[in-house]
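Tertiary structure, described
Chain by chain, the residues run as shown.
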Amino acid sequence: MSARRTLIAGNWKMNMLSADAKALAGGLAEKLNVAGDANFEMLVCPPAILIPVVADAISGSAMQLGSQDNHMNEKGAHTGDTAAAQVKDAGCGYAIVGHSERRTDHGESDETVKAKAASAQANGLTAVICIGETEAERDAGKTLDVNGSQIAGSVPDGSTAANTVIAYEPVWAIGTGRTPTTDEVQEVHAFIRAELAKKIGQDEADKTRILYGGSMNPGNAKDLLALADVDGGLIGGASLKVDDFWAVAESA
Ligand code: PEP
């Protein structure tokens, strides 16, 4: 059995108002409390403005809290952005960086993602660094090349298993109901771990959690989470309902 503890992470994206966020986070925290010693860790990543509401709702539970982004700079003239120190101060332990929606909507490059991850790590957060190929890249047979170069370009030097999680999210699988086959997912995850080893050393790479993301749901989670190099999931749509997200976690 792997020493890597399964992480079930919910990316709420730009969804919910405070009452829904409170109910969802509170409902999940309650289930975690009842479950006691679960064989997985659970993380929720609400929109930045809802982080305080969620922090309050999960207080006293084992539920972990993360942001969906942080700025690469420590502070200053960056209207509308959130610094990693502010994310940490609000009660988060994790920060998603480099999600494909940010790479697309905000033109974030590997270099930007790496700087954001480094700032998260420097402020005591674990960076959840997202990578993944587009459908055109997969069709062109470039899946491994693209993911290899995103690992090389987006993971800060000196990253460790304690301050880094990788999320492999094929862009074409996000929110589409489509997923790669389990063989394809395992192939990419094993490749990512090997590329990570070149960057941070085999020991740290072996301890680093690599999550799969892209249309994971209660119906496919068991098969995906059983794969040797899949150490959890980053879940969008299915993380917005207590029962669905809990069902995914229970598949671990
Ligand atoms: C995501 O946005 O990180 C994601 C995986 O979304 P979904 O589960 O909805 O495909």
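In this text, all values refer to a predicted model and were calculated from it rather than measured experimentally.

With that out of the way, let us pick up the sheet that holds strand S1 (residues 6-11). Ordered by their spatial adjacency, eight strands build a closed barrel running S1-S2-S3-S4-S5-S6-S7-S8, and the pairing between neighbours is parallel. On average, each strand axis in the sheet is inclined to that of its neighbour by 25 degrees, with strand direction left out of account. Pairing of S1 with strand S8 (residues 232-235), which is carried by four bridges, proceeds in the parallel orientation. In the strand pairing of S8, Ile8 is matched with Gly233. Strands strand S4 (94-97), strand S5 (126-131) and strand S6 (164-168) of the sheet are contacted by helix H5 (residues 110-122), whose axis makes an angle of about 160 degrees with S5.

The subject of this paragraph is the side chain of Ser239. Along the chain, the position of Ser239 falls in the loop between S8 and helix H11 (242-250). In this structure Ser239 comes out as buried when scored by relative accessible area, which is 0%. Among the polar contacts listed, one links the side chain of Ser239 to the backbone oxygen of Ile235, at a separation of 3.1 Å. For Ser239, the residues in contact, after removing those within four places along its chain, are Gly10, Asn11, Trp12, Leu24 and Phe245.

Counted at 1.5 Å a residue, the expected span for helix H7 (residues 143-154) with its twelve residues is 16 Å, and the 16 Å between its end C-alpha atoms agrees. Inspection of H7 places Thr143, Val146, Asn147, Gly148, Gln150, Ile151 and Ser154 among the buried residues, and these make up the whole buried set. Contact partners of the buried residues in H7: helix H4 (100-105), H5, S5, helix H6 (135-139), S6 and helix H8 (182-200).

A few words now on the environment of Phe191. Positionally, Phe191 belongs in helix H8. Among the residues examined, Phe191 registers a relative accessible area of 21% and is labelled partly exposed. When the C-alpha atoms of Phe191 and Asn147 are compared, they prove to be 8.6 Å apart, with 44 residues separating the residues in sequence. Residue contacts for Phe191: discarding those within four places in its chain leaves Leu144, Asn147 and Gly148.

So, on to helix H2 (residues 51-58). For H2, the set of buried residues is Ile51, Val54 and Ile58. What you see down the axis of H2 is that its buried residues fit within an arc of 65 degrees, all on one side. Relative to its buried face, H2 has exposed residues pointing more than 90 degrees away, namely Pro52 and Asp56. Of the surrounding secondary structure, the elements contacted by the buried residues of H2 are helix H1 (18-35), strand S2 (40-45) and strand S3 (64-67). Gly60 sits one or two positions beyond H2 and adopts a positive phi of about 85 degrees.

Looking at the ligand, there are 14 residues lining it, with Lys13, Glu169, Gly175, Ser215 and Gly236 nearest. Lys13 places a side-chain nitrogen or oxygen 2.6 Å from an oxygen atom of the ligand. Class assignment for the residues of the shell around the ligand results in four nonpolar, eight polar and two charged.

Parameters at a glance
Numbers given for residues are sequential positions, taken from 1 along each chain in its written order. Reporting of local features is limited, given that this is a predicted model, to residues whose pLDDT is at least 70; pairs of side-chain atoms are given and counted only at 80 or more, and all residues count toward the totals for whole chains, interfaces and linings. Side-chain figures throughout are based on the complete set of non-hydrogen atoms in the structure, without hydrogens or water. Any two strands are treated as partners once DSSP identifies two or more bridges connecting them. A run of H or I in DSSP counts as a helix once it spans at least four residues, and a run of E counts as a strand once it spans at least two, with each numbered from the N terminus. Here the axes come from fitting lines to C-alpha atoms, over the contacting stretch only for helices, and the angles between their N-to-C directions go from 0 to 180 degrees. By definition, residues are in contact when any of their heavy atoms lie within 4.5 Å. Burial classification: accessible surface area is computed with a 1.4 Å probe over protein chains only, and a residue below 20% of its type maximum counts as buried, one above 50% as exposed, and the rest as partly exposed. Side-chain atoms alone can form a polar contact between residues adjacent in sequence; in general such a contact is a pair of N or O atoms within 3.5 Å, and within protein one must be able to donate a hydrogen while the other accepts it. What a helix is expected to span follows from its residue count: subtract one and scale by 1.5 Å. The directions considered for the arc run from the helix axis to the C-beta atoms. It suffices for a single heavy atom of a residue to lie within 4 Å of a molecule or strand for the residue to be listed as near it. Any residue that is not Ala, Val, Leu, Ile, Met, Phe, Trp, Tyr, Cys, Pro, Asp, Glu, Lys or Arg is counted as polar, Gly included; the first ten are nonpolar and the last four charged.

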